[in-house]
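# Report on the structure
Chain residues, written in single-letter form:
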Amino acid sequence: KAGVTQTPRYLIKTRGQQVTLSCSPISGHRSVSWYQQTPGQGLQFLFEYFSETQRNKGNFPGRFSGRQFSNSRSEMNVSTLELGDSALYLCASSLRFGLTSYNEQFFGPGTRLTVL
Amino acid sequence: GESVGLHLPTLSVQEGDNSIINCAYSNSASDYFIWYKQESGKGPQFIIDIRSNMDKRQGQRVTVLLNKTVKHLSLQIAATQPGDSAVYFCAENSGYSTLTFGKGTMLLVSP
């Protein structure tokens, strides 16, 4: 069974541009969460989707948005990019909503975004 | 490879030693805790988890201890191997599928 896949793996943008990142969860997984990882702030939760609905949102500005499609694939968008948005963006999927020992969250390899 | 963190606490051990990585969590309402391992260029990988109604859980070469009184987690790795070298994160879950991660500890294992 394939793991969580994220595209693209690497991306370079300039300030003011916008970017869309894609995540394909493990087959059968319906919950997708997004995290931002930076050296200074570590791993921070962005948002979580289940059944095409955003269920929870982290403390990020409105420039960060996302969506989930009927096949559980998810995209996140960052508009008006700032230098501080440079980070590794990680997607994680789980079978169902709510984490337990029987509903683990599996991470993809991430998309490395560099904003110049 | 990509750096997952600068200025992380670092634990350096010799191959064959036992390693103990500690983590303080923040939310007393958290009821599920996970340890992840992250190697350079990869996403976090699940190691072991524990629910708040337990104090200890063992896996293969790994043990997690939970002290709810002082909001402290530890990960013990027995007979540490060079392949265990990575950044280790604790994460807490207090609802939904949202994880709050600790800052991470870099484990360096010398052969």
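For the structure, check the block above.
Residue numbers restart at each chain and count upward from 1, following the sequence in its written direction. Chain A is the first chain written and ligand 1 is the first ligand written, with later ones labelled in order. Per-residue local features of the predicted model are confined to residues with pLDDT of at least 70, and side-chain atom pairs are confined, for both listing and counting, to 80 or more; whole-chain, interface and lining totals are unaffected and use all residues. The basis for the side-chain values is all heavy atoms of the structure; hydrogens and waters are excluded.

To continue, consider the state of the cysteines. Residues and elements named next belong to chain A. By disulfide we mean two sulfur atoms from cysteines, separated by a distance within 2.5 Å. Inspection of the entire model under this criterion finds two disulfides over all chains. Disulfide pairing places Cys-23 opposite Cys-91 at an S-S distance of 1.8 Å. In this structure the cystine formed by Cys-23 and Cys-91 twists about its S-S bond by roughly -60°; its chirality is therefore left-handed. One end of the pair, Cys-23, is in strand S3 (residues 19-24); the other, Cys-91, is in strand S9 (residues 87-94), with 68 residues separating them in the sequence. Where helices and strands are cited, they refer to DSSP runs of H or I of at least four residues and of E of at least two residues respectively, numbered from the N terminus.

This paragraph deals with the interface of chain A and chain B. Between chain A and chain B, the contact holds 29 residues from the first and 24 residues from the second. Between chain A and chain B lies a buried interface of about 2,100 Å² when both sides are counted; carbon and sulfur atoms form 51% of it. Buried area is understood as the total, over both parts, of accessible area removed when two parts are fitted together, assessed with a 1.4 Å probe. The largest per-residue losses of area from chain A upon contact with chain B belong to Leu43(A), Leu99(A) and Phe107(A), which jointly make up 26% of the total buried on that side. Pairs of N or O atoms are called polar contacts if they sit within 3.5 Å, as long as, within protein, a hydrogen donor faces a hydrogen acceptor (for residues adjacent in sequence, only side-chain-to-side-chain pairs). Counting every contact that joins chain A to chain B gives seven residue pairs in polar contact (both at pLDDT 80 or more). The contact criterion used is simple: two residues touch if any of their non-hydrogen atoms lie within 4.5 Å.

Turning next to the environment of Arg67(A). Residues and elements named next belong to chain A. Inspection of the secondary structure puts Arg-67 in strand S7 (residues 64-68). Here the alpha-carbon distance between Arg-67 and Gln-54, two residues 13 residues apart in the chain, equals 7.4 Å. Dropping the residues within four chain positions of it, Arg-67 is found in contact with Tyr-49, Arg-73, Ser-74 and Glu-75.

Attention now goes to the pairing of strand S7 (residues 72-77) of chain B. Residues and elements named next belong to chain B. Strand pairing follows a simple DSSP-based rule, namely that at least 2 bridges must link the two strands. The pairing of strand S2 (residues 19-24) with S7 spans six bridges and is classified as antiparallel. Within the sheet, the bridge partner assigned to Cys-23 lies in S7 and is Leu-73. As judged from the six bridges shared by strand S6 (residues 62-67) and S7, these two strands associate in the antiparallel manner. Paired with Leu-65 across the two strands is Ser-74, which belongs to S7. Where S6 folds back onto S7 in an antiparallel hairpin, the turn is made up of four residues, including Lys-71, whose phi is positive at roughly 55°.

Attention now goes to the sheet that holds S2(B). Residue and element names in this part refer to chain B. In spatial order, the strands read S2-S7-S6-S5; together these four strands make up an open sheet with antiparallel pairing. Both outer strands of the open sheet, S2 and strand S5 (56-58), are each paired with one neighbouring strand and no more. Neighbouring strand axes in the sheet, compared pairwise and without regard to direction, differ in orientation by 15° on average. A fitted line through C-alpha atoms represents every axis, and for helices the fit uses only the stretch in contact; the resulting angles, taken between N-to-C directions, go from 0 to 180 degrees.

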